[in-house]
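Topology and contacts: notes
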Amino acid sequence: MNQAEILVIDDEPQIRKLLQISLESNNYKVELASTGKEGIIMAANHPPALILLDIGLPDQSGHEVLKQLREWYNNPIIILSVQDNELDIIQALDNGATDYLTKPFRTGELQARIRSSL
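Residues numbered from 1 in each chain as written. Predicted model: local features only at pLDDT ≥ 70, side-chain atom pairs only at ≥ 80, totals over all residues. Heavy atoms only, no water.

**Side note on the environment of Leu93**
- Structurally, the position occupied by Leu93 is in helix α4 (residues 86–94).
- Assessed through its relative accessible area of 39%, Leu93 is described here as partly exposed.
- For the pair Leu93 and Leu66, spaced 27 residues apart in sequence, the C-alpha separation works out to 9.8 Å.
- When neighbours within four sequence positions are excluded, Leu93 is seen to be in contact with Thr98 and Asp99. (Helix = DSSP H or I, 4+ residues; strand = E, 2+ residues; numbered from the N terminus. Buried < 20%, exposed > 50% of the residue type's maximum accessible area, 1.4 Å probe, protein only. Contact = heavy atoms within 4.5 Å.)

Listed below in structure tokens is the structure:
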């Protein structure tokens, strides 16, 4: 049984629910945050094995959240975003993202990227 903890930082309730169901069905423990600030606080209080981070958050850019997390958080961060232009992808990877997956995504592919990152 896996039980690695994954923190999902995404403002879309339906995406958070989809990820929670998908990840829990694969034996991951899932924590959910709907804003960048909430996600940073949760990660600081109890660092997860991996973070799934959306770029489009309501309180601040996911790029900023990524930069703040990378000041101290060394585990994998996978970006999940509707932004699919090359500049956004390059910026995220240059700022320390482990991987980048555009929405809509296939859950099987996401699971494989999580396994590879962990």
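Back to the write-up after that little detour.
**What to know about the pairing of strand β4 (residues 77–81)**
- Counting buried positions over the 5 residues of β4 gives 5, a clear majority of the element.
- Alignment of strand β3 (residues 50–54) against β4, held across 4 bridges, turns out to be parallel. Note on β4: the bridge partner recorded for Ile51 is Ile77.
- For the crossover from β3 across helix α3 (residues 62–69) to β4, the handedness is right-handed.
- Bridge count between β4 and strand β5 (residues 99–102): 4 bridges; the pairing is parallel. What sits directly across from Leu80, in β5, is Leu101. (Pairing = 2+ DSSP bridges. Right-handed = clockwise from strand over helix to strand, strands pointing away.)

**Thoughts on the environment of Gln60**
- With respect to the helices and strands, the residue Gln60 is situated in the loop between β3 and α3.
- Between the C-alpha atom of Gln60 and that of Thr35, which follows or precedes it by 25 residues, the distance is 7.9 Å.
- Among all residues touching Gln60, those that are not within four sequence positions of it are Gly36, Lys37, Ile40, Val65 and Gln68.
- Side chain to side chain, Gln60 and Gln68 meet in a polar contact 3.0 Å long. (Polar contact = N/O pair within 3.5 Å; in protein donor to acceptor, adjacent residues only side chain to side chain.)

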